[in-house]
Amino acid sequence: MSTASGRSAAIVSYRLGTADGVSVTAAQWVRAMRRLGMRVRTVAGDGRPDLLVRSLALGSTRPPRRAELAAVLDDVDLVVVDNLCSLPMNRAVGEAVAEHLRGRPALLRHHDLPWERPQYAGVTNWPPDDPSWRHVTINELARRALLARRGIAATTVHHGFAERPCPEQRDAVRRRLRVDRGPLVLQPTRAIARKGIDVGLALTAAVGGTYWLTGPAEDGYQAELGAVLAAGRVPVRRRLPFGVGMAGAYAACDAVVLPSSWEGFGLPLIEAALHRRPIAVGRFPVAAELAAFGFRWFDAHDPEPLRAWLADPDPGLLDHNEAIARDHFGIDALARRLEPLLPGAPRRREPQHLTA
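What counts as what
Counting restarts for each chain, with residues numbered from 1 along the sequence as it is written. In keeping with the model being predicted, local features are shown solely for residues with a pLDDT of at least 70 and side-chain atom pairs are shown and tallied solely at 80 or more, while totals for entire chains, interfaces and linings include all residues. Each side-chain value is derived from all of the structure's non-hydrogen atoms; neither hydrogens nor water enter the calculation. Pairing between strands requires that DSSP locate at least two bridges from one strand to the other. The numbering of helices and of strands both runs from the N terminus, where a helix is a DSSP run of H or I of at least 4 residues and a strand a run of E of at least 2. Whether two residues touch is decided by their heavy atoms; if any such pair falls within 4.5 Å, the residues are in contact. Here an axis means a line fitted to C-alpha atoms, over the contact stretch when the element is a helix, while the angle between two N-to-C directions is reported on a 0 to 180 degree scale. Any angle that is under 35 degrees is reported as roughly parallel, and any over 145 degrees as roughly antiparallel; angles of 65 to 115 degrees are reported as roughly perpendicular and all others as oblique. Just so you know the grouping, Ala, Val, Leu, Ile, Met, Phe, Trp, Tyr, Cys and Pro go in nonpolar, Asp, Glu, Lys and Arg go in charged, and all remaining residues, Gly too, go in polar. Think of a salt bridge as a Lys or Arg side-chain nitrogen and an Asp or Glu carboxyl oxygen that are within 4 Å of each other. With a 1.4 Å probe rolled over the protein chains alone, any residue whose accessible area is under 20% of its type maximum counts as buried; one over 50% counts as exposed, and the rest are partly exposed.

(A) Region of interest: the sheet that holds strand β11 (residues 255-258). Read from one edge to the other, the open sheet built from six strands follows the order β10-β9-β8-β11-β12-β13, with strand pairing classed as parallel. Looking at which strands have only one partner, the edges of the open sheet turn out to be β10 (236-238) and β13 (298-299). Alignment of strand β8 (residues 184-187) against strand β9 (residues 210-213), held across four bridges, turns out to be parallel. Across the sheet, residue L184 finds its bridge partner in β9, namely T210. Along the sheet, helix α6 (residues 197-207) makes contact with β8, β9, β10, β11, β12 (279-281) and β13, crossing β9 at roughly 150°.

Put into structure tokens, the structure is as follows:
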């Protein structure tokens, strides 16, 4: 029986229950922790969490009161603070949560850290720390930087996926998109500067395809996005049609592109493998860390190999990537990585790199 069986946890963040990366991977943790026998709830200021506390939202004009936090966090054995104490995007909210949790078991999971964003480069005393807490990063690069810059030892826990391919949705989604010929190239990201929209468009043009960007424009990128899309000179589709989820998007596409210059992880790297789609990848640092597991990806800046593969697909490449993703990045693998960090497990002093 798991050492965590019968225990309870709350996962708290600015926003949960939507399609953003923190929400998606928080749902992975919920599933893995429940598999270990824990009772889990989600708490956030926005989105569709189990418990909604508006003062936790990114745009909140006041921090949550102690009574608000006590009502949703004080009856659990463990609180997982999911990225809320990582970037100081609403520092007053993060400080209120950190102060409330001092002296009690908490896991602080960091998707992003201040030195990874130019606007927070001058912040040197964040994230917060406490002897009762454990820290988790989603890649080794961040774990090493957190130790070097803040003296905080952390554990790397890669994400775990429970993707369910839906190939039967392919034709219906393509009809909704009015794509009946040529490759459909999916970029399943938000539209912000570091996502390399121009590179994705150039690759799509080179393979003679239609470009599909599913995420919203954020961080003031709306005006620039319009100009970049207009200059791409390829057919463009935006957002997900009503009633279509990401499984349908992967089913409908012929290739995936993730041309980012920076990602904390890059969920499409694993999602594409599990949905059996080739992916062209940008040259961001964490991609090299994940490629070391043995994945075979195309270079987003060199479209010709992908164009040739699409003209004569090799299922062996898809078999290879899918097997690696299932072995190392499934929910069972995530549960095994999480178990040593949960209540009842022996405390380790040294930072760990927990992979399946």
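Okay, back to it.
(B) Summary view of the packing of helix α1 (residues 21-35) against helix α13 (residues 331-338). Packing of α1 against α13 brings their axes to within 9 Å, and their N-to-C directions diverge by 70°. With respect to their mutual orientation, α1 and α13 come out roughly perpendicular. Contacts from Q28, W29, R31, A32, M33 and R35 in α1 reach I331, D332, L334, A335 and L338 in α13. Residue composition of the contact of α1 with α13, grouped by class: seven nonpolar, one polar and three charged.

(C) Inspection of the pattern of salt bridges at higher detail. What the rule picks out here adds up to 21 salt bridges. Its salt-bridge partner being D75, residue R41 comes within 2.9 Å of it at the nearest N-O pair. One end of the pair, R41, is in strand β2 (residues 39-47); the other, D75, is in the loop between α2 (66-73) and β4 (78-82), with 34 residues separating them in the sequence. Among the salt bridges present, the one from R144 reaches E140, with a minimum N-O distance of 3.8 Å. Here R144 and its partner E140 are both found in helix α4 (residues 140-150), four residues apart, which amounts to about one turn of the helix. Residue E140 is classed as buried on the basis of its relative accessible area of 8%. Within this structure, R276, D319, E322 and R326 form a network of salt bridges that share partners.

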